[in-house]
Protein chains: 2
Amino acid sequence: MRMRNNPRAVEQLERRSKWLISKGEEPNDLRKHLETERAIHLELGTGKGRFLAQMAIANPDIWYVGAELRKEVLLSAVRKAERMNLSNCRYIWANINQIEEWFVPGSVDGIYLNFSDPWPKHRHRKRRLTHPNFLKKYRELLTPDGWIQFRTDNEKLFEFSLNAFLEEGFRVRNVRLDWHSHPDSEGVARTEYEEKFARKGQRIHQLTAFVPK
Amino acid sequence: MRMRNNPRAVEQLERRSKWLISKGEEPNDLRKHLETERAIHLELGTGKGRFLAQMAIANPDIWYVGAELRKEVLLSAVRKAERMNLSNCRYIWANINQIEEWFVPGSVDGIYLNFSDPWPKHRHRKRRLTHPNFLKKYRELLTPDGWIQFRTDNEKLFEFSLNAFLEEGFRVRNVRLDWHSHPDSEGVARTEYEEKFARKGQRIHQLTAFVPK
């Protein structure tokens, strides 16, 4: 998602710090930080935050945390939360490469990966957010009943990711090669990208991976 | 595969009985029957037998058994083996529904399911050869290190099958959404159907499922 550089983005984010979780010396204990016993779901690469906001509205008993690297994009997500006056979501300005430095192990109940960058070139494969190196980090973050829901329109990335999850010993369920044609998809939150893809008739793939016991 | 009814098919098969394994009162102990310690691979729905024959030639140290329900089609496979003078393959005239009556448990090292009938209607789903009811039977037949390789051009069947394997607790590897574009596919045996599909540019899906330990 291309957005114009905004030299005031940091300042504008700081003014909305109530929506943000900041990175401390030590990883955050999310449950303590949010003072909650409720489920905490994390979206990695939250973009402009449409999916997270829809989920937060639909599920007021769940806490949502959106992680985004590009500050202008993050600002857009935070502004959306502000505008909608959402009370159950927070954002982090984070590089997913360092996600393990943000939260203590076992503190996240579910992770959403929506339309991650496919990094199609073989030499860039380690940048894919479903590369085994990342999956190992996510597994650490997740509770024993934790799960990862992965959605993409990119078939090559889907194939790569499915195999990566299986190789890393995750249990995979509900593999959908054409998610929008599945009855379960009705009314389920969609990202900005997803709407665009769907209108073009492109198929969306989805799977859910569970932490092995 | 439509073939003309051949009232003499049974007679013609009987004349080629050296290629056939017959169904006994009790399940066959394949290893004893074939007097072998070598690996035994079974193709369920072997059709006209092109895949099995190619595999038998490429892997003389492996025994191949092809199962086919339609006697005219089976005859075509057996005739091919005869013509090619293959020494490491056998055929059974079998209904896969009763496959467990054919062989003793743990007697098969690998199973091939190639381009099985997709049975697209929901009410026919139990006929799909990757329905959990079938997978349970296959698991019984397989050795502890056994595997099932499944290949199809039908995306819906592939999705159904992948989920069925995962739900039945199989470990799945090497999921290929476009098998022929994968470097590993080079030189690997193809079925008659597969060649036709490939020429039309249709994509072939493949996965390998392992018996869980």
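Here, the structure is the one placed above.
Below is a summary of the structure that appears in this document.

The rules behind the values
- Residues numbered from 1 in each chain as written.
- Chains lettered and ligands numbered in written order.
- Predicted model: local features only at pLDDT ≥ 70, side-chain atom pairs only at ≥ 80, totals over all residues.
- Heavy atoms only, no water.
- Helix = DSSP H or I, 4+ residues; strand = E, 2+ residues; numbered from the N terminus.
- Buried < 20%, exposed > 50% of the residue type's maximum accessible area, 1.4 Å probe, protein only.
- Contact = heavy atoms within 4.5 Å.
- Least-squares fit on C-alpha atoms with pLDDT ≥ 70 in both.
- Expected span 1.5 Å × (residues − 1).
- Pairing = 2+ DSSP bridges.
- Right-handed = clockwise from strand over helix to strand, strands pointing away.
- Axes fitted to C-alpha atoms, helices over the stretch in contact; angles between N-to-C directions.
- Buried area = accessible area lost by both parts, 1.4 Å probe.
- Salt bridge = Lys/Arg side-chain N within 4 Å of Asp/Glu carboxyl O.
- Polar contact = N/O pair within 3.5 Å; in protein donor to acceptor, adjacent residues only side chain to side chain.
- Nonpolar A, V, L, I, M, F, W, Y, C, P; charged D, E, K, R; others polar.

## Observations concerning the side chain of Lys-80 of chain A
Residues and elements named next belong to chain A.
Consideration 1: Locating Lys-80 in the fold gives a position in helix α4 (residues 71–83).
Consideration 2: When its relative accessible area of 15% is taken as the criterion, Lys-80 is described as buried.
Consideration 3: When residues no more than four places from it in sequence are discounted, the contact partners of Lys-80 are Lys-48, Gly-49, Arg-50, Ala-53 and Glu-192.

## Considering the relation of the copies chain B and chain A
Consideration 1: In the superposition of chain B on chain A (RMSD 0.0 Å, axial shift 0.0 Å), the rotation amounts to 180°. Both chain copies can therefore be described as sitting about a two-fold axis. Among all residues of chain B, the minimum C-alpha distance to the rotation axis is found for Arg-171 of chain B, at 4.4 Å.
Consideration 2: Comparing interface residues between copies, 100% of those in chain B also lie at the interface in chain A; the contact surface is shared.

## Notes on α4 of chain A
All names here are of chain A.
Consideration 1: For α4, which comprises 13 residues, the first-to-last C-alpha distance of 18 Å matches the rise-based estimate of 18 Å (1.5 Å per residue) to within 8%.
Consideration 2: All of the buried residues in α4 are Glu-72, Val-73, Leu-74, Leu-75, Ser-76, Ala-77, Val-78, Lys-80 and Ala-81.
Consideration 3: Residues of α4 that are buried in the fold lie against α1 (9–14), α3 (50–58), β2 (63–68), β3 (89–93) and α7 (192–199).
Consideration 4: Positive backbone phi, at 55°, marks Asn-85, one or two positions downstream of α4.

## A short note on the pairing of β2 of chain A
All names here are of chain A.
Consideration 1: Burial analysis of β2 places six of its six residues in the buried class, the great majority of the element.
Consideration 2: The sheet contact formed by strand β1 (residues 40–44) and β2 spans five bridges and is parallel. When the sheet's bridge partners are listed, Glu-43 is paired in β2 with Gly-66.
Consideration 3: Tracing the backbone out of β1, into α3 and back to the parallel element β2 gives a crossover that is right-handed.
Consideration 4: Bridge analysis of β2 against β3 gives five bridges, and the strand direction is parallel. Its bridge partner being in β3, Ala-67 is matched across the sheet by Ile-92.
Consideration 5: Considered for its hand, the β-α-β crossover made up of β2, α4 and β3 is right-handed.

## Re the sheet that holds strand β4 (residues 108–114) of chain A
All names here are of chain A.
Consideration 1: An order of β3-β2-β1-β4-β5-β7-β6 is seen for the seven strands of this open sheet, with the pairing classed as mixed. At either margin of the open sheet sits one strand with a lone partner, and together these are β3 and β6 (171–176). Across this sheet, the average inter-strand angle for adjacent strands is 20°, counted without regard to direction.
Consideration 2: Bridge count for β4 against strand β5 (residues 142–152) is six bridges, and the pairing is parallel. Bridge pairing in β5 places Ile-111 opposite Ile-148.

## Topic: the interface of chain B and chain A
Consideration 1: Taken together, the contact pairs 18 residues of chain B with 18 residues of chain A.
Consideration 2: It is Glu-159, Leu-166 and Leu-177 of chain B in chain B that bury the most area against chain A; as a group they hold 33% of the surface buried on that side.
Consideration 3: Along the contact surface separating chain B from chain A lie two salt bridges.
Consideration 4: For the salt bridge of Arg-203 of chain B with Glu-155 of chain A, the shortest nitrogen-to-oxygen distance reads 2.3 Å.
Consideration 5: One can count ten residue pairs in polar contact (both at pLDDT 80 or more) joining chain B with chain A.
Consideration 6: For the side of chain B that touches chain A, the secondary structure elements donating two or more residues are α6 (155–167) and β6 (171–176) of chain B.
Consideration 7: Counting residues per element, the side of chain B that touches chain A draws most heavily on α6 of chain B, which supplies seven residues.
Consideration 8: Taken together, the residues that form the side of chain B that touches chain A break down as six nonpolar, four polar and eight charged.

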